[in-house]
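Listed here are the chains, written in short residue letters.
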Amino acid sequence: MRRSDCRLCHFKDLELILKFIPTPVGDSYVPVEKIHQKQEEFPLELFLCKTCGCAQLLDVVNPKILYGNYIYQTSISLGLVEHFNRYAKEVLDYLKPAQASLVIDIGSNDGTLLKAFKRQGMKVLGIDPAPEASKSANAAGIETLNDYFREELARQIYEQHGPASIITANNVIANIDDLPSFIRGIRTLLSADGCFVFETGYMVDFVQGKLIDTIYHEHLSYFTVSCMEKFFREQGMELIYAEHIPTKGGSFRVIVQLKGGKRNVSPMVQQMIQQENKIGVGDPAIYREISQEVEEWKAQLSAWLTDMKSQGKKVAGYGASVGVTTLLYLFDLADKLDYIVDDNPARYNLYTPGHHLPVFSSDEIYKRNPDYVLILAWRYNEPIIKRHKKFLNEGGQFILFLPKLEIVSGAQLNQDAVK
Ligand SMILES: [Zn+2]
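Definitions and cut-offs
Residues numbered from 1 in each chain as written. Predicted model: local features only at pLDDT ≥ 70, side-chain atom pairs only at ≥ 80, totals over all residues. Heavy atoms only, no water. Donors = N, O, S within 2.8 Å, 3.2 Å for Na, K, Ca; no water. Tetrahedral: all angles 85-135°; square planar, octahedral: opposite > 155°, others 65-115°. Buried < 20%, exposed > 50% of the residue type's maximum accessible area, 1.4 Å probe, protein only. Helix = DSSP H or I, 4+ residues; strand = E, 2+ residues; numbered from the N terminus. Pairing = 2+ DSSP bridges. Contact = heavy atoms within 4.5 Å. Axes fitted to C-alpha atoms, helices over the stretch in contact; angles between N-to-C directions. Salt bridge = Lys/Arg side-chain N within 4 Å of Asp/Glu carboxyl O. Arc of directions from axis to C-beta. Domains from an automatic or database assignment. Buried area = accessible area lost by both parts, 1.4 Å probe. Nonpolar A, V, L, I, M, F, W, Y, C, P; charged D, E, K, R; others polar. Parallel < 35°, antiparallel > 145°, perpendicular 65-115°, else oblique.

Any two of four tetrahedral donors ideally make an angle of 109.5 degrees at the metal, while pairs among six octahedral donors ideally make 90 or 180 degrees. Looking at the zinc ion, the protein donor atoms are Cys6 (SG), Cys9 (SG), Cys49 (SG) and Cys52 (SG), and they sit 2.3 Å from it. Coordination geometry of the zinc ion: the 4 donor atoms subtend angles of 101 to 118° at the metal centre, consistent with an arrangement described as tetrahedral. Given a relative accessible area of 22%, Cys9 falls into the partly exposed group. For Cys49, a relative accessible area of 2% corresponds to the buried category.

Here the focus is unusual backbone geometry. Phi angles above zero are rare outside glycine, and Asn109 is one such case at about 55°. Mapped onto the fold, Asn109 is located in the loop between strand E4 (102–106) and helix H3 (112–119). Positive phi, normally seen in glycine, also occurs at Asn171, with a value near 55°. For Asn171, the location among the structural elements is in the loop between strand E7 (164–170) and helix H6 (179–189). For Asn171, a relative accessible area of 34% gives the class partly exposed.

A separate point is the sheet that holds strand E1 (residues 14–19). Spatial ordering of the open sheet is given by E1-E2-E3-E9, a layout of 4 strands whose pairing is antiparallel. Edge positions in the sheet fall to E1 and strand E9 (221–222), since each of these pairs with one other strand and no more. Where helix H10 (residues 284–310) meets the sheet, its contacts fall on E1 and strand E2 (45–49), and the angle it forms with E1 comes to roughly 20°.

The subject of this paragraph is the sheet that holds E7. If you trace the 7 strands from one edge of the open sheet to the other, you get E6-E5-E4-E7-E8-E11-E10, paired in mixed fashion. The two strands at the open ends of the sheet, each matched to only one other strand, are strand E6 (144–145) and strand E10 (237–245). By the bridge criterion, 8 bridges tie E10 to strand E11 (residues 251–258) in an arrangement that is antiparallel. Residue pairing across strands places Glu243 opposite Arg253, the latter belonging to E11.

Moving on: the pattern of salt bridges. Pairing between side chains of opposite charge can happen when the charged atoms of each approach one another. Per the stated rule, a full pass over the model turns up 27 salt bridges. Linking Arg150 and Asp147 is a salt bridge whose minimum nitrogen-to-oxygen distance equals 2.9 Å. The partly exposed category is assigned to Asp147, whose relative accessible area is 24%. A network of salt bridges, in which partner residues are shared, links Arg2, Lys19, Glu45 and Asp59.

Listed as buried for helix H5 (residues 151–161) are Leu153, Ala154 and Ile157. Mapping the buried residues of H5 onto a view down its axis gives an arc of 105°, with all of them on the same face. Tucked inside the fold, the buried residues of H5 contact E4, strand E5 (123–127), E6 and H6. Gly162 occupies a position one or two residues after H5 and carries a positive phi of about 80°.

The domain boundaries assigned to the protein delineate domain 1 (78–282) and domain 2 (285–413). Computed over C-alpha atoms only, the centres of domain 1 and domain 2 are separated by 34 Å. Counting residues at the interface gives 17 residues for domain 1 and 15 residues for domain 2. With both sides pooled, the region where domain 1 packs onto domain 2 buries about 1300 Å², and carbon together with sulfur makes up 69% of that total. Its largest share of buried area at the contact with domain 2, domain 1 owes to Lys210, Ile212 and Asp213, together 50% of the area lost on that side. At the boundary of domain 1 and domain 2, one finds 2 salt bridges. Across the salt bridge formed by Glu293 and Lys210, the nearest N and O atoms sit 3.6 Å from each other. Considering each element in turn, the side of domain 1 that touches domain 2 owes the most residues, 4 residues, to helix H7 (residues 203–209). Of the residues belonging to the side of domain 1 that touches domain 2, the class tally is 9 nonpolar, 4 polar and 4 charged.

Turning next to the packing of H5 against H6. A packed helix pair is summarised by two numbers, namely the angle formed by the two axes and the spacing between the axes. Two elements in contact, H5 and H6, have axes whose closest approach is 8 Å; the angle formed by their N-to-C orientations is 10°. Judged on the interaxial angle alone, H6 and H5 are roughly parallel. Across the interface between the two elements, Glu151, Ala154, Arg155, Ile157 and Tyr158 of H5 pack against Ser181, Arg184, Gly185, Thr188 and Leu189 of H6. For the contact of H5 with H6, the class distribution of residues is 4 nonpolar, 3 polar and 3 charged.

What follows is the structure, encoded as structure tokens:
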């Protein structure tokens, strides 16, 4: 389904700013018995709303296809546990809610964030559609409803548990198509002085870091403080706090209260809006530059890989995430790579969406001895190289293609490639 209006403000003055190559659902890695089935491809085109400044995909893939077969559970890394502990403490210090009042986390996964709130004496309730994640949260004593958050569920929760003083949702709202309805659910559940707190990807980081692999079908919207501030005002709420944070390549944390709430607006809100205007994230011109750079990268990488293939060299790719699917299509890499390796056992022995390149454990590079490994999971360039020094010592070479094309060999390693 393609929307014809902006997801936030419903105006229809939308400009196409990035046109990528259509891909299957980015996370739809398939088992061997399905590789003969063609996977449906969906457009991957980013539009900018010229009324409110929200960048967004207008093509909404049916959630049954998008999430249907994939029971997604984020693996909670050590870094994330620390992040959530700090998160809970910072939010409580800032908002000072009534003691032992209710905190609800939407998309609560295995309850890691709620555990941190519970340790601080708050009552907690989780909501998560992934069955395995909710099961492990409940087993750990964090009451979790295995469901999608929606208005009707919000009413039921209110009747059963009363109002919430804090509702959190991290890396959730960018994936919601009908955001006004989602926010009506939030308003139903919040106490009069309650706050909604969320973290989501930040458009400024997308532009400055050229995070093109964050464009995939699950990720429908790319927000700024500016567009969020307008949106919440329309929804009878008030954006009172915004903070730039490093999570996931660049995100921001936002706090919103009901209109007429008692809290003051932090000066950071206006500061971030001014910064966004200065950078020009609401101006289509900046995206034309990104498009052009992508074309240049693509030409450079393509020429180099074609040359290597003609010399009979073997090239593997490193990384099998949802964003890698975007890169494989956008840079036309599938016929230039022999296979993919990854460090997530859940991906081993599956095949990439659409092209059906096999995915192996990264240890396979020592058995298959590729000449080059192209790092697709480019935000992890450094840890991957460190982890596989042995590959370099045995004569293998890594190709970094983002943020710029660079070849790392064992000889260079001792110089300056990895400090
Ligand atoms: Zn809009």
